[in-house]
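Understanding the architecture of this molecule
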Amino acid sequence: MKNETSVTIALVGPFRGSGLTFNKSRVGGYNAQTIMRRVSPGSFPYSFFWNQVAAEMSIQRINEDHSILPNTTIKIKRFNSGTSPGDSIATALEIATEHPDVFAVYGEMFSLTTLDTRQLNKAIYPYYIQTLSITSFAEAVPSILKCWNVRRAVILLESPDGLCGSLKEFILRNNIQLVDVIQTRYRTVDYVIDVLIRSDARYVVACLNPDPMAAIYFELAKREAMVGSGYVWLATNVPAMNDNTMIPKYGENYRAQIKGLIVVGASLDQSVKIATTADDFSRRLQTSLRISEDVVSTIWYTTSAMFSYDCVGLLSHGLNKVLPSDSRLIASDIKKLHNFMNHSLFQQTGYTGMTGNPLILSKNGDAVRSMTVYQFDEFMSVFTIGQVDSDSLKFSYLKNKLPVFHDNTSVPPPDGPELLPDLITFAEHRGKMLLILAGIGICLSCLFFAMVIRFRNTKTLTSASPLFLGVMGLGCSLLYASMLFYIETPSVLQLKGRLWIQATAMTLIVGSLFLKNTRIWVIYNYKRKFSKLELSDKIWMIPMAILFSLQQLIAALWFRFSRFILVKRVSYKTQFNGLV
């Protein structure tokens, strides 16, 4: 131990339970073994307990490392944050006025309302830092939705504050419509489910803690509503899954409903240094608390222990930057150090923990971190499908990795009520009728075209502009022919052909009518006498040829420089093909 001098880190949180003693907000009688027996996986006390245990393990490691704070031992004082903002303010005042040995305060993320983008305003909170990133996390969800071309979703949040409020803000900032914002705090599960079903959304963003997430998600699955084919859930937490309470409510196979769930979490560097730190943490847990590797694995995935561990490690490395190696600290010295310990001190300390190598903070005191996108299958196996880059904040799939949604496809479902187009085939009556109608229309157009050619020199047709009548007849033939492309599932070439034929046909028909009527208007509105050549069909066909050529040029440029993709959506009801 480094006994020359000491400083103290305050661990603040909702400490409660038998065996603990309290002197104002100061907690005494703490025994990890005793408390550990009273908490169950997935519960709120479980998460809080292991997060502050991780902070304690980080302090143990630093005290054993003589390269960091070589003459200074870090001690721990625990304080109860209470159950209201008033209690927390009283605790903060007590630490500031009655405990001069405290150089830093650790408060763990025991609820999603703890994090708030307002705390990133360094003009107001210059001494606040965090290792669980708000910005990276809040940007990750809308970047995934944009990648899937989702334009509408519903969000479930426990309160409009904290991380959930920030997530809502970032979703709206990315021009994604929130059809409803459903607050779950102080609401019954039945109420939340009823409002959620009425929203008729297909993408659900769930910014919930594990317990309410489980209650809502598995109840919906039990009712066969909004969980399954056609729906996607993006969550901030994995639902709590305690078999003792879940099986009686939702049945023995309730875990299979987790299939397709998307969870966004921090990306973890796989470097040797990080692996060494993680192994040391696991070893300390198993040794000091006598727990198995399976329990350690559960702690990794269901708590924020790794971020708590790194938070304390980062604080210690920041202190090491301003504390002389031969320092002999007294309380007044610690007070002076506080002036140097703003967020900029911790931006680049060189600290390598479990969540960064090195762990770097932004200019706002927020951890700079890429986010990983995970997905579960029906066997509760977790797969990494993609990542949101910390620099570009854009989502991309990992190589050879695609999501598998509840209907076993990798195509994101539509973001609204599915409009199921009716595919017409030649084998059914509608296809045959459409074929007959198109054939009749083409035959009539051809007959009209032939009559114009046969009787073009008669006085009646001559006065009606036979050349323009022939062009209109040709346009009608093309328009009727385009009806054939609505039968059967078309290819990309067929879809392009349908667009080209329809545009060309309308140009021929509308262009001819426009020029015929324009010529009549010129004859009756101009006083001078025109020659037969000036009023002939051949002369007036020149602007028609120019109009036709212009339309073909625009169409050619559009097909050349536009990116056409054949989208095929397959559901349990029908299939849809179309160009986007």
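Going by the structure above, here's the rest.
Another aspect to go through is helix 13 (residues 429-454). For helix 13, built from 26 residues, the straight-helix expectation of 38 Å at 1.5 Å per residue is met to within 8% by its first-to-last C-alpha distance of 37 Å. All buried positions along helix 13 are accounted for by Gly431, Leu434, Ala438, Gly441, Ser445 and Val452. For helix 13, the elements touching its buried residues are helix 14 (459-463) and helix 15 (466-482).

Our next topic: the sheet that holds strand 8 (residues 203-207). Strand order in the open sheet formed by eight strands is 7-6-8-9-10-11-12-13, with mixed pairing between adjacent strands. Of all strands in the sheet, those with a lone pairing partner are strand 7 (177-183) and strand 13 (395-397), marking the two edges. Pairwise comparison of adjacent strand axes, ignoring direction, gives a mean angle of 25 degrees for this sheet. One ladder, built from four bridges, connects strand 8 with strand 9 (residues 232-235); its direction is parallel. Residue Ala206 lies in a different strand from strand 9, and its bridge partner there is Ala235. Packed on one face of the sheet, helix 7 (residues 210-222) meets strand 6 (152-157), strand 8 and strand 9 and runs near 170 degrees to strand 9.

Attention now goes to a nonpolar patch on the surface. On the surface, a cluster of nonpolar side chains totalling about 760 Å² of accessible area is made up of Met433, Ile436, Leu437, Ile440, Leu444, Leu447, Met451 and Phe455. Its place among the elements puts Ile440 in helix 13.

Right, let's talk about the state of the cysteines for a bit. Scanning the model with the defined rule gives one disulfide in all. Sulfur-sulfur distance for the disulfide between Cys164 and Cys207 comes to 2.2 Å. Between Cys164 and Cys207, the S-S dihedral sits near -90 degrees, and the bridge is therefore left-handed. With a gap of 43 residues between them, Cys164 in helix 5 (residues 162-173) and Cys207 in strand 8 connect regions that are remote in the sequence. Both residues of the pair, Cys164 and Cys207, count as buried. Between Cys443, a cysteine without a disulfide, and Cys446, which holds the nearest cysteine sulfur, the sulfur-to-sulfur distance is 6.6 Å.

This brings us to the pattern of salt bridges. Side chains bearing opposite charge may pair, as long as their charged atoms lie close to each other. One pass over the full model with this rule turns up 14 salt bridges. A salt bridge links Glu98 to Lys24; its shortest N-O distance comes to 2.7 Å. On the criterion of sequence distance, the pair formed by Glu98 in helix 3 (residues 85-98) and Lys24 in the loop between strand 2 (21-23) and strand 3 (26-28) is long-range, its members being 74 residues apart. Its salt-bridge partner being Glu169, residue Arg173 comes within 2.2 Å of it at the nearest N-O pair. Of this pair, Arg173 and Glu169 are both found in helix 5, four residues apart, which corresponds to roughly one turn of the helix. Connected via shared salt-bridge partners are Arg61, Glu64, Asp280, Arg283 and Arg284.

Each value, and the rule that gives it
- Residue positions are counted from 1 within each chain, in the order its sequence is given.
- Local features in a predicted model are, by the rule used here, given only for residues with pLDDT of at least 70; side-chain atom pairs are given and counted only at 80 or more, and totals for whole chains, interfaces and linings are based on all residues.
- Hydrogen atoms and water are omitted, and side-chain values are computed over all heavy atoms in the structure.
- The helix and strand labels rest on DSSP assignments: H or I over at least four residues marks a helix, E over at least two residues marks a strand, and numbering proceeds from the N terminus.
- A helix is expected to reach a length of 1.5 Å times the quantity of its residues less one.
- Think of it in three bands: residues with accessible area under 20% of the maximum for their type are buried, residues over 50% are exposed, and the middle band is partly exposed, with areas taken using a 1.4 Å probe on protein chains only.
- Throughout, a residue-residue contact means that at least one pair of heavy atoms, one from each residue, lies within 4.5 Å.
- Here a strand pair is declared whenever DSSP counts at least two bridges between the two strands.
- Think of each axis as a best-fit line through the C-alpha atoms, taken over the contacting stretch in the case of a helix, with angles from 0 to 180 degrees between the N-to-C directions.
- For patch building, the residue pool is restricted to those with more than 30% relative accessible area and no salt bridge; the joining distance is 9 Å between like charges and 5 Å between nonpolar side chains (Val, Leu, Ile, Met, Phe, Trp, Tyr).
- Residue exposure ignores everything except the shown protein chains as possible cover, and the areas themselves are Shrake-Rupley values with a 1.4 Å probe.
- We count a salt bridge whenever a side-chain nitrogen from Lys or Arg sits within 4 Å of a carboxyl oxygen from Asp or Glu.
- Working definition: a disulfide is two cysteine sulfur atoms within 2.5 Å of each other.

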